[in-house]
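Structure assessment
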Amino acid sequence: MSTTSEAAKPPVANEGIKSASHFLRGSIAREVADPSTGAISEESSQLTKFHGLYLQDDRDVRNALKKAGKEKAFSFMLRVRLPGGRCTPAQWLLLDRLADQVAAPSLRLTTRQTFQFHGVLKANLKPLIRGMHSVLLDSIAACGDVNRNVMAAPNPEHNPLLQQVYEHARAWSEYALPKTRAYHEIWLDDELVAGGEPDHEPMYGATYLPRKFKTGFALPPSNDVDIFSQDLGFIAIVGEDGRLAGYNVTVGGGQGMSHGNDKTYPRLADVLGFISPDQVNAIGEAVLTTQRDFGDRTDRKHARLKYTIADRGLTWFRGEVERRSGVRLAGARRFEFTTIQDPHGWQPCADGTWFYGLHILSGRIKDVPGWPMKTALREIAALHTGDFRLTPSQNLTISGVTATQKPVIEAILEKHGLAQENARGGLRLNALSCVALPTCGLALGESERMLPSLLEKFETVLDGAGLRADAISLRVTGCPNGCARPYLAEIGFVAKAPNKYALYLGASYNGTRLNRLFVPSITPDDAVTLLAPIIQRYALERTAGEGFGDWCDRVILPRDATLHSVGTKALEPVISTALVGGAA
Ligand code: SRM
Ligand code: SF4
């Protein structure tokens, strides 16, 4: 269904590609088998997303290849489906081996708790997917206009309800999976659907959703899954008896926007109401199908659930969800989020086991001289009997460690120098970056590759202000799409062009308030120069327990304007105002 103005506009090309694809088959199989090119067609590359695959090219060599008249250096990115970010040691070992054999020899932990392989040549796609299948992993619906990898609070800590919340997340992930057999046919050579009868998608229909759709499950007081950035969220509510009473449902969060297009914006999700635990799938389906039927299929920049809700209103949306699900939403229950940070180092669990929270900068797992992260984790996986949990902050939790294994794992971390990683300061522990260059086709500037130097510069400033240990969130992305959720960071850098970033300040540390644009375009060096006196003032003037984002929001940020100055000279007045006090 659509509004009158939408009805006048034709559906975007993706809609035609989906409907003509015979439930996500298209000509993928034929094109993947074609050895004359490393690429596939534009139509197929839209469809392979639903199979967890993106066609990319190495942007570092793009221009040189073009000058030489050669084909781009094509390869694929594959994203694993891993609800709640949990994997077994056997799965870890296999993924580690596949990265060496058929992909770039690194694994990338993502901001939605899963693995990405990069640099997979077309001929290696089937071996990779079959290898994953042998340990019961797949990449179905990891990308595309469907319910993506479902996030769930990963860290065992002391909360006995975590397992239940995980199981609800997993069940919803399974429930909302596309039902087409296309993935099995194309990649695992399953029999074609018998007699060629039509495949079907009971929940999605032939054109799936208007756009990607994301779900997260949070367990307060931790907001580690950034629940207000999700299209659909479930916030666990604990009853007076200590049991899981149910969930507050949130809807309409999202981060993506485009520079200079006011019609696109990051949005915090709304709290819709409270449900009991057995109503999760019914409510999820009702939210998803409402978006299926009312989301804007005429403009992909306006197609996310956040715009459907912003345009039609929350009251209308609640009515639609209640009608479809037959569930009457109760008033939202009280909850409080205090942190987004993963616990680091050794932590005891209620069942007598331990877990180790390991910070992994940008989630990149590879061996570099003096820093053999991949080897160390392989050694741990070879003897670990618990599981691994990927966190929404691109970190890793080694979970379910027995008292006997604890010193062995500790020795491996020590031997490879990884144990010190957790002690390098609160900004680093709370830093995220998206992949960006050289693989991301949408990157306008660097992100993962510039984060280490940016952190070092800020750490010098923080040392001077005595704030090295303080938890301050900093997130960088290579474009405004927001893959590292930069608009929920106390300090957000969003690339606009090579070495030019929009600088955002003032989100709350616990992920409940968006930041605001502070400087529209600035180099990282100038940003550090600009923020140094502001950070020093913060150290002196903050009230007890006040976070950097809260302080910036209260003291520094202009109420109704952004700074349009670029370059150190132009920033001098801002810096001196910040030094002496008063709003900049
Ligand atoms: Fe993302 C597109 C990487 C989480 C918003 N994202 C992409 C693509 C696939 C580029 C493309 O379309 O060609 C990037 C691949 C880069 C590469 O080379 O690997 C990409 N997104 C990532 C990851 C790997 C970032 C990371 O460093 O961890 C994350 C993978 C998550 C996963 O495992 O599923 C990732 N992306 C996110 C998030 C964060 C989240 O979901 O919690 C967001 C913001 C939340 C949201 O969706 O609003 C996000 N990605 C986008 C968007 C903008 C969507 C929008 O509504 O405007 C795009 C572009 C698009 O869809 O057109 C995008
Ligand atoms: Fe690519 Fe932009 Fe996402 Fe970074 S934020 S991975 S540059 S799409």
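Use the structure listed above.
These lines cover the structure that appears in this document, whether it is placed above or below.

Thresholds, definitions, all that
Residues numbered from 1 in each chain as written. Chains lettered and ligands numbered in written order. Predicted model: local features only at pLDDT ≥ 70, side-chain atom pairs only at ≥ 80, totals over all residues. Heavy atoms only, no water. Axes fitted to C-alpha atoms, helices over the stretch in contact; angles between N-to-C directions. Helix = DSSP H or I, 4+ residues; strand = E, 2+ residues; numbered from the N terminus. Parallel < 35°, antiparallel > 145°, perpendicular 65-115°, else oblique. Left-handed = near helix turned anticlockwise from the far one by under 90°. Contact = heavy atoms within 4.5 Å. Nonpolar A, V, L, I, M, F, W, Y, C, P; charged D, E, K, R; others polar. Salt bridge = Lys/Arg side-chain N within 4 Å of Asp/Glu carboxyl O. Buried < 20%, exposed > 50% of the residue type's maximum accessible area, 1.4 Å probe, protein only. Near = heavy atom within 4 Å. 1 Å grid on protein atoms, 1.4 Å probe; cavity = no way out; pocket = protein on both sides within 12 Å on 5 of 7 lines; lining within 4 Å. Points joined across faces, edges and corners; volume = space filled by probe spheres on them. Polar contact = N/O pair within 3.5 Å; in protein donor to acceptor, adjacent residues only side chain to side chain. Donors = N, O, S within 2.8 Å, 3.2 Å for Na, K, Ca; no water.

It is worth spelling out the packing of helix α6 (residues 89-102) against helix α7 (residues 125-134) at this point. Packing of α6 against α7 brings their axes to within 10 Å, and their N-to-C directions diverge by 165°. When the axes of α6 and α7 are compared, the pair comes out roughly antiparallel. The chirality of how α6 crosses α7 is right-handed. Seen from α6, the contacting residues are L94, L95, L98 and V102; seen from α7, they are P127, L128, G131, M132 and S134. Considered class by class, the residues forming the contact of α6 with α7 number 7 nonpolar, 2 polar and no charged.

A few words on the pattern of salt bridges. Taken as a whole and judged by the stated rule, the model has 40 salt bridges. Residues R449 and E446 are paired through a salt bridge, measuring 2.9 Å at the closest nitrogen-oxygen approach. Linked by salt bridges that have partners in common, E15, K18, D145, R297 and R300 make up one network.

With that out of the way, let us pick up the environment of G253. Note on placement: G253 falls in the loop between β9 (244-251) and β10 (270-275). Residue classification places G253 among the buried residues on the basis of a relative accessible area of 1%. For the pair G253 and T397, spaced 144 residues apart in sequence, the C-alpha to C-alpha distance is 26 Å. For G253, the contacting residues outside a window of four places in its chain are F228, S229, Q230, D231, R267, L268, A269 and K306.

Before going further, it helps to spend a moment on the site of ligand 2. Around ligand 2 sit C434, A436, C440, L442, A443, T477, G478, C479, N481, G482 and C483, and those are all the residues in its vicinity. Taken together, the residues of the shell around ligand 2 break down into 7 nonpolar, 4 polar and no charged.

Attention now moves to the layout of surface pockets. What the second largest pocket holds in volume is close to 570 Å³. Looking at the second largest pocket, it is lined by 23 residues, and the ones nearest its centre are L361, R364, K366, E448 and P452. Residue composition of the lining of the second largest pocket, by class: 11 nonpolar, 4 polar and 8 charged.

It is worth spelling out the site of ligand 1 at this point. Around ligand 1, the structure places 29 residues, and the nearest of them are T110, Q255, T439, C483 and R485. At 2.6 Å from an oxygen atom of ligand 1 is found a side-chain nitrogen or oxygen belonging to T110. Within the side chain of R485, an N or O atom sits 2.6 Å from an oxygen atom of ligand 1. When contributions to the shell around ligand 1 are tallied by element, the ones reaching two or more residues are β1 (53-57), β2 (74-79) and β5 (115-120). Here the residues of the shell around ligand 1 sort into 7 nonpolar, 14 polar and 8 charged.

The subject of this paragraph is the coordination of the iron atom of ligand 1. Of the protein atoms, C483 (SG) alone serves as a donor to the iron atom of ligand 1, at 2.3 Å. Relative to the helices and strands, C483 resides in the loop between β19 (474-477) and β20 (491-497).

Let us look at the environment of H416. Following the sequence through the fold, H416 ends up in the loop between α14 (405-415) and α15 (426-429). Sequence spacing of H416 and D342 is 74 residues, and the spatial spacing of their C-alpha atoms is 22 Å. At 3.2 Å, the side chain of H416 forms a polar contact with the side chain of E379.

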